[in-house]
Amino acid sequence: RFFGRAETYVRFRPSYSDETIDRVLDGIPPGSACADVGAGTGISARLLAQRGMRVIAIEPNAEMRDAAEPDERIQWSDASGEATGLADESVDLVLCAQAFHWFDRSAAIREFARILRPGARLALLWNAKNWDDPFSGAYWRAVSKAGEDPRETNPFDPGVIAAEGLFEEPDYWEGINEQPLDLDGVLGRAHSASYTPRHGEKFETMVHELTEAVRAHADEQGQVAIRYRARLWTAARR
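Conventions and cut-offs
- Residues numbered from 1 in each chain as written.
- Predicted model: local features only at pLDDT ≥ 70, side-chain atom pairs only at ≥ 80, totals over all residues.
- Heavy atoms only, no water.
- Helix = DSSP H or I, 4+ residues; strand = E, 2+ residues; numbered from the N terminus.
- Rg over C-alpha atoms; globule rule 2.2 N^0.38 Å.
- Contact = heavy atoms within 4.5 Å.
- Areas by Shrake-Rupley, 256 points an atom, 1.4 Å probe, with all protein chains shown as cover.
- Pairing = 2+ DSSP bridges.
- Buried < 20%, exposed > 50% of the residue type's maximum accessible area, 1.4 Å probe, protein only.
- Salt bridge = Lys/Arg side-chain N within 4 Å of Asp/Glu carboxyl O.

A.B. asks: What should I look at first to understand the overall build of the chain in this one?
C.D. replies: Secondary structure summary: the chain contains 10 helices and seven strands in total. Its C-alpha atoms give the chain a radius of gyration of 18 Å, within 12% of the compact-globule value 18 Å for 238 residues. In terms of its C-alpha atoms, the chain occupies a principal-axis envelope of roughly 50 × 35 × 30 Å. Contacts in the chain between residues at least 24 apart in sequence constitute 76% of all its contacts with a sequence separation of at least 6. Surface summary for the chain: the accessible area is close to 11100 Å², and the carbon and sulfur share equals 46%.

A.B. asks: What is the right way to look at the pairing of strand E3 (residues 74-77) in this model?
C.D. replies: The side chains of a regular strand alternate, first on one face of the sheet and then on the other. When strand E2 (residues 54-58) meets E3, the two strands line up parallel, connected through four bridges. Bridging across to E3, Val55 finds its partner in Ile74.

A.B. asks: Where do I start with helix H3 (residues 43-50) in this structure?
C.D. replies: At 3.6 residues per turn, the α-helix brings residues three or four places apart onto the same side. Within H3, seven of the eight residues are buried, which leaves the element mostly enclosed by the surrounding structure. Against helix H1 (6-12), helix H2 (18-25), strand E1 (33-37), E2, E3 and strand E4 (91-97) lie the buried residues of H3. Looking one or two residues beyond H3, the residue adopting positive phi is Gly52, at roughly 90°.

A.B. asks: Mind showing me how you'd approach the side chain of Asp133 here?
C.D. replies: Considering the arrangement of structural elements, one finds Asp133 in the loop between strand E5 (116-128) and helix H6 (134-146). For Asp133, a relative accessible area of 14% corresponds to the buried category. If sequence neighbours within four positions are ignored, Asp133 has contacts with Ala225 and Arg227.

A.B. asks: Is there a simple way to think about the environment of Asp132 in this case?
C.D. replies: Here Asp132 lies in the loop between E5 and H6. Residues Asp132 and Arg227, 95 residues apart in the sequence, show an inter-C-alpha distance of 9.2 Å.

A.B. asks: Just checking my understanding: could you explain the pattern of salt bridges for this structure?
C.D. replies: Side chains bearing opposite charge may pair, as long as their charged atoms lie close to each other. For the coordinates displayed, the defined rule picks out 16 salt bridges. The partner of Arg227 in a salt bridge is Asp133, with the nearest N and O atoms 3.1 Å apart. With Arg227 in strand E7 (residues 224-236) and Asp133 in the loop between E5 and H6, this pair connects stretches of sequence that are 94 residues apart. By relative accessible area, Arg227 is classed as partly exposed at 28%. For Arg238, the salt bridge goes to Glu168, with nearest N and O atoms at 3.5 Å. Of the two residues, Arg238 is situated in the segment after E7 and Glu168 in the loop between helix H8 (159-162) and strand E6 (171-181); the sequence distance between them amounts to 70 residues. Given a relative accessible area of 48%, Arg238 falls into the partly exposed group.

Given below as structure tokens:
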């Protein structure tokens, strides 16, 4: 689904705030082994590495792995959320940032429980849509009309985390993450999504509506901001 989008993904996908990463790593000491599962081009993996973590980035898409910025602190692996290839009880954190909805959820939860040490942490993180902000709402309306994947839109059920008795009940935290962009950045962000069209009538309509939204909401420098709801669930492995 992301074939041909890796370069755009690198340039235009949002990162995560310091506060969000603080919550992910709360109480986990530097030097701990962390698996970033569904790592894409390494956005979240680099943030973990910058905090002194030993990071194994799990990503099945070769184009995404190849587009990642080299970082000697990150070990890349061609594997999946359901079969990471990591040893039993070998990591202190499993992070899925903007990725868990692509997995077979039950199989992935079992795999995460296998590779996490007892008491270690699972963190499921999304930059979720924020419809309340005027520009952000206009952005998501334009993109959603162009095309969406059900896995992107179905609400996440946190009950799946503890359903099989492998994890404690999850804790939830929510914050705001802002991505400042100009018009080219807004269009690039839209093109980075796996489900948006690359040509045709829906593509042209999306570009027109996004252009009009930027014109309506931009500041004097031509900048707008997509404001996401950073949504984080964490749970300890039993």
